[in-house]
Amino acid sequence: MFYTIMKILIVNLHSSRNAGDDVLTHVSTDLLEQYFPNATIKLAMNDPLSYSGPYETVGSFMTWIKPAGYMTWRAIFSPVLILLAVLFGLGYRLFGQKLIFILAKQHHKLLEAYFEADLVISSAGNFLYSSGRFGLAYIVAVYTLLYGWLLGKPVYTMPQTIGPLTHRWERTLLRWAIPKLRIVLVRDPISKQLLKSL
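Caption draft 1: Summary view of helix H1 (residues 19-35). Relative to the 24 Å expected for 17 residues at 1.5 Å per residue, H1 spans 25 Å between its end C-alpha atoms, a close match to the ideal helical length. In the core, the buried residues of H1 are packed alongside strand E1 (7-15), strand E2 (40-47), strand E4 (119-122) and strand E6 (155-162). If you check the start of H1, you find a side-chain oxygen 3.0 Å away from the backbone N of Gly20, and it comes from Asn18.

Caption draft 2: Layout of the environment of Thr161. Relative to the assigned elements, Thr161 resides in strand E6. If we ignore the near neighbours within four places in the chain, the residues touching Thr161 are Gly125, Asn126, Phe127, Leu128, Arg187, Asp188 and Ser191. There is a polar contact of 2.7 Å between the side chain of Thr161 and the side chain of Arg187.

Caption draft 3: Spotlight on the side chain of Ser60. With respect to the element layout, Ser60 can be found in the loop between strand E3 (56-59) and helix H2 (61-65). Take Ser60: its relative accessible area is 7%, and that puts it in the buried class. Residues in contact with Ser60, not counting those within four places in the same chain, are Ala44, Met45, Asn46 and Leu110.

The rules we used
- Residues numbered from 1 in each chain as written.
- Predicted model: local features only at pLDDT ≥ 70, side-chain atom pairs only at ≥ 80, totals over all residues.
- Heavy atoms only, no water.
- Helix = DSSP H or I, 4+ residues; strand = E, 2+ residues; numbered from the N terminus.
- Expected span 1.5 Å × (residues − 1).
- Contact = heavy atoms within 4.5 Å.
- Polar contact = N/O pair within 3.5 Å; in protein donor to acceptor, adjacent residues only side chain to side chain.
- Buried < 20%, exposed > 50% of the residue type's maximum accessible area, 1.4 Å probe, protein only.

Put into structure tokens, the structure is as follows:
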């Protein structure tokens, strides 16, 4: 009898150097272990080297834009990389082809983790809110969720605080994105009301 082990990718994780984020990471993995005891779990983190637990980590999409935690000259090329990721994702979903060998190793690892995942789960937390004038962190967080959807993966979120969203485009983006996720959990009544209003 043959069976496959479920592969789960947890996304939108920040850094274990932050005590609150570290707790959320452990809670997320503990809950998934409880309900999927034989699953293989990978963590896509903004600061993957900060994690010292038992699970494999890969750099998140944010590391493509801010590889050292701050903006560098490499950030100029990040829109090209993000667009390539979309094209590679479409190629994989439509034709089953992995053409990502032309990317750097750290980029390759993240896309492989998405391609192999049976389930993509966004960590509990507070990252869907207005963040600066151009909302870079917000855009990357939503993109991170939608990349799983682009690949045809079931995408869920653990409990989120959502908002405040200051700009109309932020609300429009979330209104478009949320129905593409299988389950969205919120952790406070204000977040629930915001989603209802969208």
